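Chains, contacts and geometry: an overview
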Amino acid sequence: MIADIWTVMGKEWREYVAGGGGGSGRGVIAALLLIGIASILWPLQMGRAIFTSPTPIIVDGLLLPYIILQTVIADSFAGERERHTLETLLASRLSDRAILFGKVGAAVAYGSAAGLIGALAQAVVANLSPKNADVGLAFYPVGSIVVIIALALLMSLLTASVGCLVSLRAATTRQAQLSLTFGFLALVFAPFIIFQVLPRQTQNAILDALNAADPTRVLLIFAGALLAVAVALLVIAMARFQRARLILS
Amino acid sequence: MTEAAIRTTNLTRDFGAVRAVDALTLEVPPGIIFGFLGANGAGKTTTINLLLGLLEPTSGQAQVLGFDTRSQGSAIRERSGALLEFSGLYERLTAEDNLDFYGRVWRLSAAERQARIKELLTHVGLYDRRKERVGAWSRGMKQKLAIARVLLHRPALIFLDEPTAGLDPVAAAALRDDLEGLVAREGVTVFLNTHNLPEAERLCQQVGVIRSGKLLTVGSPDALRQRIGRPQAEVFGDGFTPEVLALLRARRDIASAQVENGRLLLELADQQAKMAPIITALVEAGAQIEEARRGQASLEDVFLSLMEEDRAQEVAR
């Protein structure tokens, strides 16, 4: 099965490259804008300070993989259905899991690579910044780069899992993209909105707890939660991947 | 005894209240091109999906290449190839990349893939265009490439669902030539869904006719013509007046007579009917005969006759 997963991953990558990174190209434009701001403007302005700032962790570990992936993963099944290639793929000898894991694997590799390349680009630009004219070369602390890579991997896995699930059910790539965008916005803003409606006492208690908490522990809990949700969604996607239903759709 | 490539027993598939395939019992011997003929919506595509193990039958059973479609679908798909309703090609990829992907899917080694891609693309005249993206190609070229893809892993059985549908006559004829040549060379069994009757007549050793999910008949095109279609005759000449036609229609050895584009078209009552007495009667009635030709009903005549017969039975019920 591993060889089959590699085969599907290879095909997906060729399609990403040939299609400019996704169905419509909008995701690529958004990602290029983000890379432009995050990898050129911020490091130019911040210089070496970026290596100790949380910006690369948020941008390269979370935002970049999501934005890069939401287009390509929305296209994974809905796009094949729209382009009438899905039924031929289903009529092949490939197992359900090889097809699903191949698509998820390709997306995870793509999103993680984007996060890592974003972080490396920031490092290069930060070192070229006029603010660092008199100092030597600098790089992220080992802990930061590990966190960036780990979060980029987990965020890519989460986006790929939820994306496959949405794409399996969506009639078109556009519909899948819209669902993913609204889902993401809800996920980002829901905690802030919920926080606002909480009683003042509870808000203070949460803020105190967060301030007092060990950042490593918070990060580990967050990473564990990302992994748990991603795996749960992947299991649901596996259960929903039914050849007969996909053929009839 | 050679095992059948496909054997179905009372295979049935319902979609809600609609019965798409109705108690299909069929046997397709290996090494032949079997034509599955029916109008749009007759149940042909559903039958292919059932035979590939992509859909579960509501009842009945089917064995393909000796494997049960319910429990061994993956073994069937491993040994067969399918060109379904659409070509299924990745249009952003090149022709070579499309074949290379499916070559990897069927676990052909790199050397084997390269040789096979060259062999098949050369046969269908597309080898020089292998580096082009498929999206810019004509439908005829895509269908040729899709047939090459289906044969890439040397399957024992291939399913083709309306492979020439939507092609212009020249492209369809070219595709048929390629298909005929490739199938003969590879010795593969073909299950061909089509409503193109001349195509079935030319390519198929056996045909089955399906209407509303029910199999109406199976046999070789010749046998069906003998069994169902009446023999026909064409007479060229002059003087086919209404009186002459009335005289012919009154004869027991003639089922119908009509003039079309100056030709007299006769449908004979049965295989035993002789032409000589009919010609004599025509001459005696004042017609001038230049040429007379006896022939068989076409597969299209047989198909239409079966459809009509089944519709009449349905109305009677």
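Residues numbered from 1 in each chain as written. Chains lettered and ligands numbered in written order. Predicted model: local features only at pLDDT ≥ 70, side-chain atom pairs only at ≥ 80, totals over all residues.

1. Overview of the pairing of strand E4 (residues 59–64) of chain B
Residues and elements named next belong to chain B. Rules: By this definition, two strands are paired if DSSP reports at least two bridges between them. By definition, any uninterrupted DSSP run of H or I lasting at least four residues is a helix, any uninterrupted run of E lasting at least two residues is a strand, and each is numbered from the N terminus.
Alignment of strand E1 (residues 6–15) against E4, held across five bridges, turns out to be antiparallel. Within the sheet, the bridge partner assigned to Arg7 lies in E4 and is Gln63. Bridge count for E4 against strand E5 (residues 67–68) is two bridges, and the pairing is antiparallel. Opposite Gln63, over in E5, you have Asp68 as the bridge partner. Hairpin remark: E4 followed by E5, antiparallel, with two residues in the connecting loop; positive phi at Leu65, about 55°.

2. Quick look at the confidence of the model for chain A
Parts of the prediction with low pLDDT should not have their coordinates interpreted in detail. The condition that has to hold: Per-residue confidence from the predictor is given as pLDDT, running between 0 and 100.
On average, residues of chain A score 87 in pLDDT, and 94% of them are at 70 or above. Looking at the elements of chain A, mean pLDDT is at its lowest for helix H2 (residues 26–46) of chain A, recorded as 75, and at its highest for helix H4 (residues 86–90) of chain A, recorded as 94.

3. Quick word on the domain arrangement of chain B
Put simply, the test is: Note that domain bounds follow an automatic or database assignment of domains.
In terms of domain boundaries, chain B breaks down into domain 1 (6–226) and domain 2 (230–295). Distance from the C-alpha centre of domain 1 of chain B to the C-alpha centre of domain 2 of chain B: 43 Å.

4. Notes on the sheet that holds strand E13 (residues 263–268) of chain B
Working definition: the strands of a sheet are paired by backbone hydrogen bonds and lie parallel or antiparallel to each other. Residue and element names in this part refer to chain B. For the record, the criterion: Angular values range over 0 to 180 degrees, each being the angle between N-to-C directions of two axes fitted as lines to C-alpha atoms, with helices fitted over their stretch in contact. Each residue gets a C-beta atom placed from its backbone, and two residues are in contact if those atoms lie within 7 Å.
Spatial strand order, E12-E13-E11-E14: four strands in an open sheet with antiparallel pairing. Each end of this open sheet is capped by a strand with a single partner; those strands are strand E12 (254–260) and strand E14 (288–295). For this sheet, the mean inter-axis angle between neighbouring strands, taken without regard to orientation, is 20°. Pairing of E12 with E13 involves six bridges; the strand directions are antiparallel. By the bridge assignment for E13, Ser256 is matched with Glu267. Contacts between helix H10 (residues 276–284) and the sheet are confined to strand E11 (232–238), E12 and E14, with E14 contributing the most and set at about 155° to the helix.

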